[in-house]
Amino acid sequence: MKIYLDNAATTPIDPDVVKAMIPVLQNQFGNPSSIHAYGREVRSAIEQARKSVARFLNVSPAEIFFTSGGTEANNTAIFCSVRDLGVKHVISSTIEHHAVLHTLQELEKDGKIKLSLVKLDDRGRIDLADLESLLKSDQKTMVSLMHANNEIGNMIPLKQVSELCTKYNAVFHSDTVQTMGHYSLDLQEIPVHFITCAAHKFHGPKGIGFLYINHTIKIHPFIHGGAQERNMRGGTENVYGIVGLAKALEIASENMSEHRDYIQGLKNYMIGKLKENIPGIEFNGDPEGESLYTVLNAAFPPSENSEMLLFNLDINGIACSGGSACSSGSDTGSHVLRAVYGDVDRPSVRFSFSKYNTKEEIDVVVEKLKELYAVKVS
Ligand SMILES: Cc1ncc(COP(=O)(O)O)c(C=O)c1O
């Protein structure tokens, strides 16, 4: 039996998404920039997909730009804000994904921005009062804070942060890669300047995502080339990816509350089972507060073999991911756990769920962990 509990890394593609992509792969090979019928047919598929994504976010299709995924979308938002909008000061956090953090560190190193990192509390929640005091800056400021953290699942209060950004006239970018397709987002209710998406996080294909750019923002391309994406992103479009992304988002949106209840149920079930069976287990982040329902990050009691947990799970057919704060050995550790918990030995495993997981799978995983722990500790 193989069990996949690494859905924050990527999700299996939905067979209905594959079905939607196949005709494009097989027959619709035209270049969408060509003006003949082959091209026009494909162009129309792209524009249908764009409309569908825009409907989901309650925005205009002209505000959606397809990219190769979350990394490119985040890089574009940050890099272009600094280059084109006069941003000189960026407020972010130590627990952002590297697609954001490394981009910001590069800009800081080049002397292009001053980088301020908002304070976090002992569970990794952002300190809104500190954010507000950092926003009282004389320089043009951008806030880049992820909607939900991919390792520990912490979520920011998106609306409150967006209101603070409006109050202080700051540009607001949120990496929504982990929440897109899992939460409904009405951008007329929550004004943001940039948000990002990667289709493979909600049962869509890999290598495709989008950047939402609010219509009030005027930036130049990040990737130069042809006139694709209304002159904003050169390169022949990943047509089947775009069609797959839109289909995956449609499926997610149609069944969102049902899937959410189901997956939250699995997460709660696993918390209960782990507490019952592994003495001393703790949970990283804020699972009882505002927490991504697809992610559970468990800190196991240190034992001499606890670092081998992931390896042992893997050889038993169980896929999940992990990391500890420690940078011992070849493992460079998790920058997120280190930022929140310091450099302590806290062997942690991230279990992340999807609509395809079951309680029976969780029973098997917990049983295996119990066995591994019983052997290792004794
Ligand atoms: C929060 C977050 N941002 C950005 C990314 C990058 O997405 P991609 O690998 O599709 O470019 C990921 C993927 O792991 C993520 O979890």
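Structure: see above.
For the structure given in this document, a descriptive report is provided here.

Definitions and limits used
- Residues numbered from 1 in each chain as written.
- Predicted model: local features only at pLDDT ≥ 70, side-chain atom pairs only at ≥ 80, totals over all residues.
- Heavy atoms only, no water.
- Salt bridge = Lys/Arg side-chain N within 4 Å of Asp/Glu carboxyl O.
- Helix = DSSP H or I, 4+ residues; strand = E, 2+ residues; numbered from the N terminus.
- Buried < 20%, exposed > 50% of the residue type's maximum accessible area, 1.4 Å probe, protein only.
- Near = heavy atom within 4 Å.
- Polar contact = N/O pair within 3.5 Å; in protein donor to acceptor, adjacent residues only side chain to side chain.
- Phe/Tyr/Trp six-rings, centres within 6.5 Å; stacked < 30°, edge-to-face > 60°.
- 1 Å grid on protein atoms, 1.4 Å probe; cavity = no way out; pocket = protein on both sides within 12 Å on 5 of 7 lines; lining within 4 Å.
- Points joined across faces, edges and corners; volume = space filled by probe spheres on them.
- Nonpolar A, V, L, I, M, F, W, Y, C, P; charged D, E, K, R; others polar.
- Expected span 1.5 Å × (residues − 1).
- Contact = heavy atoms within 4.5 Å.
- Right-handed = clockwise from strand over helix to strand, strands pointing away.
- Pairing = 2+ DSSP bridges.

We now examine the pattern of salt bridges. Applying the stated criterion to the full structure yields 17 salt bridges. Its salt-bridge partner being D16, residue K19 comes within 3.4 Å of it at the nearest N-O pair. Residue K19 and its partner D16 are located together in helix α1 (residues 15-26), separated by three residues, close to a single helical turn. On the basis of relative accessible area, K19 is assigned to the exposed category, the value being 59%. A salt bridge links R125 to D121; its shortest N-O distance comes to 2.7 Å. Classification of D121 by relative accessible area gives partly exposed; the value is 30%.

Right, let's talk about the site of the ligand for a bit. Taken together, 13 residues lie around the ligand, and T71, D175, Q178, H200 and K201 are the ones closest in. D175 is positioned such that a nitrogen or oxygen atom in its side chain is 2.7 Å from a nitrogen atom of the ligand. A distance of 2.7 Å separates an oxygen atom of the ligand from a polar side-chain atom of K201. It is helix α3 (residues 70-84) that provides the largest number of residues to the shell around the ligand, a total of three residues.

Moving on to the packing of aromatic side chains. Applying the stated rule across the entire model yields three aromatic pairs. Between F29 and Y38, the aromatic rings sit 5.4 Å apart at their centres with planes inclined by 50°, giving tilted as the arrangement. Its relative accessible area of 63% is what places F29 among the exposed residues. Look at Y38 and you get partly exposed, because its relative accessible area is 49%.

A word on empty space enclosed by the protein. For the structure on display, the rule yields two cavities of 30 Å³ or more. Put simply, the largest cavity is a space of about 180 Å³. At the level of elements, α8 (239-254) and α9 (256-277) are the ones that each hand at least two residues to the lining of the largest cavity. Partitioned by chemical class, the residues of the lining of the largest cavity number nine nonpolar, 10 polar and two charged. Considering only enclosed or pocket space, the second largest cavity measures out at about 70 Å³ in volume. Forming the boundary of the second largest cavity are F65, F66, T67, E72, T76, L211, I213, F222, I223, M232 and R233. Those elements giving two or more residues to the lining of the second largest cavity turn out to be β2 (64-67), α3 and β8 (209-213).

Moving on, we get to helix α4 (residues 98-109). A rise of 1.5 Å per residue sets the reference length of α4, with its 12 residues, at 16 Å; its end C-alpha atoms lie 15 Å apart and thus fit the reference within 8%. When we look at burial in α4, the residues that qualify are A99, V100, L101, T103, L104 and L107. Tucked into the core, α4 has its buried residues touching α3, β3 (89-92), β4 (114-117), β5 (141-144), β6 (171-174) and α11 (335-341). G111, located one to two residues past α4, shows a positive phi value of around 75°.

Secondary-structure assignment places L274 in helix α9. The spatial distance from the C-alpha of L274 to the C-alpha of A298 is 8.8 Å, given a sequence separation of 24 residues. For L274, the contacting residues outside a window of four places in its chain are I281, F283, L296, A298, F351, V366 and L369.

A few words on the pairing of β3. Residues H89 and I91 of β3 are buried on one face, and the alternating residues V90 and S92, pointing to the opposite face, are buried as well. Note on the crossover from β3 through α4 to β4: the handedness is right-handed. By the bridge criterion, three bridges tie β3 to β5 in an arrangement that is parallel. By the bridge assignment, V90 is partnered in β5 with M142.

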